[in-house]
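This is what each chain is made of:
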Amino acid sequence: MVLGAERVPPGMKNKIREMLSEMGASEVKVFGTYGFTEARMAFAECPTSDPETYSGYHLYPDLAIFEVIDPNTGEVLPEGESGELVITPIAGRASTVFRYRTGDLVRGGIVYEPCPHCGRTTPRISSNLTRESSLTDLQLLKIKGTLVNLEDCAEILGGMSEIDEWQLELVKKDNDPLEVDQVIIHVALRDHADEATTEKRICENFKGRIEISPNRVEFMSLEGMLNKIGMETEMKEKRFLDSRPIV
Ligand SMILES: [Zn+2]
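Residues numbered from 1 in each chain as written. Predicted model: local features only at pLDDT ≥ 70, side-chain atom pairs only at ≥ 80, totals over all residues. Heavy atoms only, no water.

K.L.:
Looking at this structure, how should I read the nonpolar core?
P.N.:
Counting 21 residues, the largest nonpolar core has Leu168, Ile185, Ile202 and Phe206 as its most contacted members. For this core, the secondary structure elements donating two or more residues are helix 2 (150-158), strand 13 (163-172), strand 14 (181-189) and helix 3 (195-210). Once residues within four sequence positions are removed from consideration, isoleucine 202 is found in contact with Leu157, Met160, Ile163, Ile185, Val187, Pro214 and Val217. (Core = buried A, V, L, I, M, F, W, Y, C linked by side-chain atoms within 4.5 Å. Buried < 20%, exposed > 50% of the residue type's maximum accessible area, 1.4 Å probe, protein only. Helix = DSSP H or I, 4+ residues; strand = E, 2+ residues; numbered from the N terminus. Contact = heavy atoms within 4.5 Å.)

Okay, structure coming up:
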């Protein structure tokens, strides 16, 4: 199964494999691709069999040139260093871009050694990307005095196999603009999962990974949840909702 648009955490790979195996599919491999409009193409990971292993995205130097730069100085960085991805497509059609700054940050940069999974010698960019498309006002949030990266929340919730769909909502206590922020996690469970156990696991995972716990976990039906996140009605599903009243 080839996925696009989002990072694919190991838990999500496992969940997809589990669901497909329930439907009779064996030997399922789940992997991600990295693409964006300006590139006019996408770059794929290797379909590794171990969900914990990421090969990085294979690049095609005859189609596009990637560079990693220091986002503050614009200086090109050496192999393996983290920075912002810059692309020059050399096989684009119609309007094209030159040394386009993607705004995407890559941890681990570009590597040139052969891929340990398929042996190809094309350069690879690390699978550990932070997409510009996920950078919103909500991306870094101070909750209860702790700076929280919402991508970490997405990875926790997206990776829990008992959760079917989820949304993180930010509210003010008693809907009072001067009160403290509160975090509510809305969840639709998969058939076999238990509410109390899941709530406990969510709180533990949040506490362990980002040092805060949600204020509440609320459960709803899958149908209600799909409506809430705007699945297939919005351009992009609403995983994070800021419902704090405007002062
Ligand atoms: Zn490979």
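K.L.:
What exactly am I supposed to notice about the side chain of arginine 124 here?
P.N.:
With respect to the secondary-structure elements, arginine 124 resides in strand 9 (residues 124-125). Within the buried core, arginine 124 has no salt-bridge partner, and the shortest N-O distance to an opposite charge, that of glutamate 113, equals 4.7 Å. For arginine 124, the side chain forms a polar contact with the main-chain oxygen of serine 55, separated by 2.9 Å. Looking at arginine 124, its side chain comes within polar contact range of the main-chain oxygen of proline 114, at 3.4 Å. (Lys, Arg positive; Asp, Glu negative; His and termini not counted. Salt bridge = Lys/Arg side-chain N within 4 Å of Asp/Glu carboxyl O. Polar contact = N/O pair within 3.5 Å; in protein donor to acceptor, adjacent residues only side chain to side chain.)

K.L.:
I tried to follow the sheet that holds strand 8 (residues 110-111) on my own but got confused; where do I start?
P.N.:
Sheet strands line up and pair through hydrogen bonds in the backbone, either parallel or antiparallel. Pairing is antiparallel in the open sheet, where three strands are placed in the order 4-9-8. The open sheet has two edge strands with one neighbour each: strand 4 (57-58) and strand 8. Looking at chain direction, strand 8 and strand 9 are connected through two bridges and run antiparallel. Looking at strand 9, one finds that isoleucine 110 is bridged to isoleucine 125. (Pairing = 2+ DSSP bridges.)

Remember, this is a structural readout, not a statement about activity or role.
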